[in-house]
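Residues per chain, in single letters:
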Amino acid sequence: MAEQATAVTESKPAAASGQPLIRLENVHKVYDLGEIQVQALRGVSMEVREGEFVAVMGPSGSGKSTVMNILGCLDRPTRGHYYLDGLDVSGMSKTELARIRNRKLGFVFQQFNLLSRTSALENVELPTVYAGISPEERTKRAMESLTRVGLADRAGHHPSQLSGGQQQRVAIARALVNRPAILLADEPTGNLDSRTSVEIMQILQNLNDEQGLTIVMVTHEHDISQFTKRAMEFRDGKLRRDTMVQNRLIAHQVLQSLPTHEEQAAQDDAEETARQENIKTRERQEKLTGTEATK
Amino acid sequence: MDFMNTFRLALRALARNKMRSALTMLGIIIGVGAVIAVVSIGQGAQYMVQQGIQAMGTNVVFIAAGSSRPGGMRVGYGGVKTLTVDDMNAILREIPLIKQAAPSVNSRRQVVYGNQNWNTGVTGTTPNYFDIRKWSIQSGSVFSDQEVDLAANVCVIGTTVANILFLDENPIGKTIRIGDLPFRVDGVLESKGQNVMGQDQDDAIYAPYTTVQRKISGITWVQFINSSAVSQVASVAAVGPITSLLRERHRIRPGDDDDFFVRTQSDVADLANQTQSVMTMLLGGVASVSLLVGGIGIMNIMLVSVTERTREIGVRMAVGATEDDVQRQFLVEAVTLSMMGGAIGILFGLVGSALISNFLSWPTLISGKAILAAVFFSAAVGIFFGYYPARKAARLDPIEALRYE
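Residues numbered from 1 in each chain as written. Chains lettered and ligands numbered in written order. Predicted model: local features only at pLDDT ≥ 70, side-chain atom pairs only at ≥ 80, totals over all residues.

(A) Geometry of the overall build of chain A. Broken down by element type, chain A carries 10 helices and 10 strands. Seen along its three principal axes, the alpha-carbon backbone of chain A occupies a region of about 85 × 55 × 45 Å. Counting across all 295 residues of chain A, residues that qualify as buried make up 39%. (Helix = DSSP H or I, 4+ residues; strand = E, 2+ residues; numbered from the N terminus. Buried ≥ 20, exposed ≤ 12 C-beta atoms within 10 Å, placed from the backbone.)

Below you can see the structure in the form of structure tokens.
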């Protein structure tokens, strides 16, 4: 373990470019559950620089969610320091943290977490409302953001009228609307099928490559982590592995190799017919053997 | 988040559950409506009472035969024979605060004219009684002081009596029968309407007190002395001197109860107002309980709403809503609910009191103060009962709220 950690620290500065946006210094998190105390994080130190695309991995209970909550300023470390864009946010008040979340961070969740019975446009506008931006500017920015994820024509739709992939794209547009420094994604593909997952990864890769947006994404799927540039693995509240992704997958190439939704549907149909055929043939055979047995 | 945004958000959240919002508002609607209606009825009654008291005359001091007891009055007609016209003259002579005075001797008799008959009160008095009570003559004239000295069979009648006995005929100069005696009708009084107690003041006959004392009742005393002081202050100031003078004249020993009592017009006004205020406050209090229950309804619904929207709260917090933002959102929602209820309640109250004065012909008086109070109270109910749910929403942990199913 110790050797690995050293190896990681050596490889990191070479790979990362730009300013350190995120720096955790020996962060501990203890949950006090009354009788017992749970050590969720036991001294995590890490750095994420501008323009990185990081996958945070690990089994449940590894502390990866806790790290994400702390990175997202939704929770505060019990001990240690968190510098976000050079600012020590570990000692900030709840109101200050809310402001940081509003201006510097964008969130994408597994459950999309869009407000129901509210149009896509208004969902995207939500962070700008709390930023005190004028109504005209809000709509303008929200439309820009929706255009960026290719959903400008769905602005008036409610979440229930959108597919899962479209809902997640609206959520990404919402995360981008205040032009955050970092995009935090918590299992963004967890509720989506393979092709839609890759489509979402394509959007994230584009944002990262073309606009240099820093992205930290939690995932437990190994193949999804292959779309990122760097993978961090947590276990037992500690950062165990921090490696650069070799042979990184490029989403739009993967998409070409994957069947489209129509092809997938056709293929599914074909498989289903074949299965039905099989069952029928088997039944016929069984009937035959059955009649033979009674004879 | 600015106020207009928050308000629009609140309206939309309430519109999302129209039935629920309407039912929640109903408590406030009934409460505010009831308060407005009750207060307008109370104010109407109070206004009528004030009108009635105005109609008694100005700066009037009553002296009544009988004994006064705390919590009410007891008049022993016939039992108390000590109040006389001599007492009245002594008061006029010795107490300069009193400008004029007139006795009254009451009795009830059957009165007959032609084939019409009626049972009414016959009051014996002097001509200046009508001055004291600011009561003018509609037609004809009042009997004279000479006629009082002579105990003449003359009278003036109220409009009710005139209408019943004479129908369309002109009563002036006609002779009516009071009990067994014929009386000449000298005049008809101006209509005065109901008095404070709701009695028809026009259903009365006035004759010289000497005539009533000697020929109708056969007594030497009087039941009331109606006097008028030089000013309102004087009317109150005269109570003490009148009391000591009468005690002396009636030879009442120190420590013994008076055999008369003295009331000023302002006493009566105060008493009437007090009674009315107590009634209004009582009914208003009952109505306010409904407002309280309505407030609890709002709190209940807001708590449900906070729980239902836990995830929404989590999302809002994640994208940058502060605790204050969330708290304001739910507080504005509660206040919107209660103030909309208040507005509709005011409307219902106004319509209700209009219906009451129309169909039950009770006097109502819409008071701006009551409407203002209703607006204020419904806002206060919203803030008071909305605070706890809003606080609860603001205190949610965003991580748990986002995970809430």
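(B) Layout of the overall build of chain B. The secondary structure content of chain B amounts to 14 helices and 12 strands. Its C-alpha atoms give chain B a radius of gyration of 32 Å, clearly above 22 Å, the size a compact globule of 405 residues would have. A buried classification covers 41% of the 405 residues belonging to chain B. The contacts in chain B between residues at least 6 apart in sequence include a share of 83% that link residues at least 24 apart. (Rg over C-alpha atoms; globule rule 2.2 N^0.38 Å. Contact = placed C-beta atoms within 7 Å.)

(C) Region of the structure containing the environment of asparagine 123 of chain A. Residues and elements named next belong to chain A. With respect to the helices and strands, asparagine 123 occurs in helix α4 (residues 120-130). Asparagine 123 sits in the buried class, given 27 other C-beta atoms within 10 Å. Separated by 10 residues in the primary sequence, asparagine 123 and asparagine 113 place their C-alpha atoms 9.7 Å from one another.

(D) Region of interest: the confidence of the model for chain A. Of the residues in chain A, 92% reach a pLDDT of 70 or more, and the chain-wide mean stands at 88. Taken together, the stretch residues 1-16 of chain A has pLDDT below 50 and engages in 11 contacts with residues farther than four places along the chain or on a different chain. (pLDDT = per-residue confidence, 0-100.)

(E) Quick look at the environment of leucine 189 of chain B. Residues and elements named next belong to chain B. For leucine 189, the location among the structural elements is in strand β9 (residues 181-189). Sequence separation of leucine 189 and tyrosine 206 is 17 residues, and the distance between their C-alpha atoms is 9.6 Å. With sequence-adjacent residues up to four places away left out, leucine 189 is seen in contact with Trp135, Ile137, Gln138, Val156, Gly158 and Thr159.

(F) Focus on helix α3 (residues 94-104) of chain A. Buried within α3 of chain A we find Leu97, Ala98, Ile100, Arg101 and Asn102 of chain A. Those residues of α3 of chain A that are buried lie in contact with β4 (79-84), β6 (105-108) and α4 of chain A together with α11 (310-318) of chain B.

(G) Broad picture of the sheet that holds strand β3 (residues 53-57) of chain A. All names here are of chain A. Pairing is mixed across the open sheet formed by six strands, whose spatial order is β6-β7-β8-β3-β9-β10. Both outer strands of the open sheet, β6 and β10 (238-244), are each paired with one neighbouring strand and no more. Ignoring strand direction, the axes of neighbouring strands in this sheet form an average angle of 20 degrees. Pairing of strand β9 (residues 230-235) with β10 involves six bridges; the strand directions are antiparallel. Within the sheet, the bridge partner assigned to arginine 230 lies in β10 and is methionine 244. Strand contacts of helix α2 (residues 64-71): β3, β7 (182-186), β8 (214-218) and β9, with the helix running at about 140 degrees to β3, the strand carrying the most contacts. Relative to β6, helix α6 (residues 164-176) is tilted by about 170 degrees, and along the sheet it contacts β6 and β7. (Pairing = 2+ DSSP bridges. Axes fitted to C-alpha atoms, helices over the stretch in contact; angles between N-to-C directions.)

(H) Looking closely at the sheet that holds strand β1 (residues 20-33) of chain A. Residues and elements named next belong to chain A. A sheet is described by the order of its strands in space; here four strands give the open sequence β2-β1-β4-β5, paired in antiparallel fashion. The open sheet is flanked by β2 (36-49) and β5 (87-88), the only strands paired with a single partner. Examined bridge by bridge, β1 and β2 share 11 bridges and lie antiparallel to one another. Bridge pairing links histidine 28 to arginine 42 in β2.

(I) Main features of the interface of chain A and chain B. Across the contact, 20 residues belong to chain A and 17 residues belong to chain B. Of all the secondary-structure elements, those providing two or more residues to the side of chain A that touches chain B are α3 and α4 of chain A. No other element matches the six residues that α3 of chain A contributes to the side of chain A that touches chain B. A class-by-class count of the residues in the side of chain A that touches chain B yields 10 nonpolar, four polar and six charged. (Nonpolar A, V, L, I, M, F, W, Y, C, P; charged D, E, K, R; others polar.)

(J) Quick peek at unusual backbone geometry. All names here are of chain A. Non-glycine residue arginine 179 carries a positive phi angle of around 50 degrees. Following the sequence through the fold, arginine 179 ends up in the loop between α6 and β7. The partly exposed category is assigned to arginine 179, around which 13 C-beta atoms lie within 10 Å. The phi angle at aspartate 236 is positive, at roughly 55 degrees, despite the residue not being glycine.

(K) Structural detail: helix α13 (residues 368-394) of chain B. All names here are of chain B. Counted at 1.5 Å a residue, the expected span for α13 with its 27 residues is 39 Å, and the 37 Å between its end C-alpha atoms agrees. A bend of about 40 degrees at tyrosine 387 is the largest found in α13, and the proline proline 389 appears one to four places after it. Regarding α13, the residues found buried are Ala370, Ala374, Phe377, Ser378, Val381, Gly382, Phe385, Gly386, Pro389, Ala390, Ala393 and Ala394. The secondary structure elements touched by the buried residues of α13 are α2 (18-55), α10 (265-308), α11 and α12 (323-359). (Expected span 1.5 Å × (residues − 1). Bend = angle between axes of the 7 residues up to and from the residue.)

(L) Seen up close, the nonpolar core. Residues Val56, Ala173, Leu184 and Val216 of chain A together with Val35 and Ala334 of chain B are the most contacted members of the largest nonpolar core, which totals 114 residues. With 11 residues, α2 of chain B is the largest single contributor of residues to this core. If you look at the next biggest cluster of nonpolar residues, it comprises 54 residues, including Ile98, Ile178, Ala204 and Phe261 of chain B. (Core = buried A, V, L, I, M, F, W, Y, C linked by C-beta atoms within 7 Å.)

(M) Region of interest: the packing of α10 of chain B against α12 of chain B. All names here are of chain B. One way to put it is that α10 packs onto α12 with a least axis distance of 11 Å and a crossing angle of 145 degrees. Like other packed secondary-structure pairs, α10 and α12 cross with a definite hand, here right-handed. Contacts from Gly294, Ile298, Met302 and Val306 in α10 reach Phe330, Ala334, Leu337, Ser338 and Gly341 in α12. For the contact of α10 with α12, the residue count by class is six nonpolar, three polar and no charged. (Left-handed = near helix turned anticlockwise from the far one by under 90°.)

(N) Just the pairing of β8 of chain A, in detail. Residues and elements named next belong to chain A. The element β8 is largely enclosed, with a buried count of five among its five residues. Alternating residues of β8 divide into Thr214, Val216 and Val218 and Ile215 and Met217, and every residue in both groups is buried. As defined by bridge partners, β7 adjoins β8 across five bridges and the pair is classed as parallel. By the bridge assignment, alanine 185 is partnered in β8 with methionine 217.

(O) Region of the structure containing the packing of α12 of chain B against α13 of chain B. All names here are of chain B. Where α12 contacts α13, the two axes come as close as 7 Å, and the packing angle between them is 150 degrees. As far as their axial angle goes, α13 and α12 are roughly antiparallel. Read as a crossing pair, α12 and α13 show a hand that is right-handed. Residues belonging to the contact of α12 with α13 are distributed by class as follows: 20 nonpolar, eight polar and two charged. (Parallel < 35°, antiparallel > 145°, perpendicular 65-115°, else oblique.)

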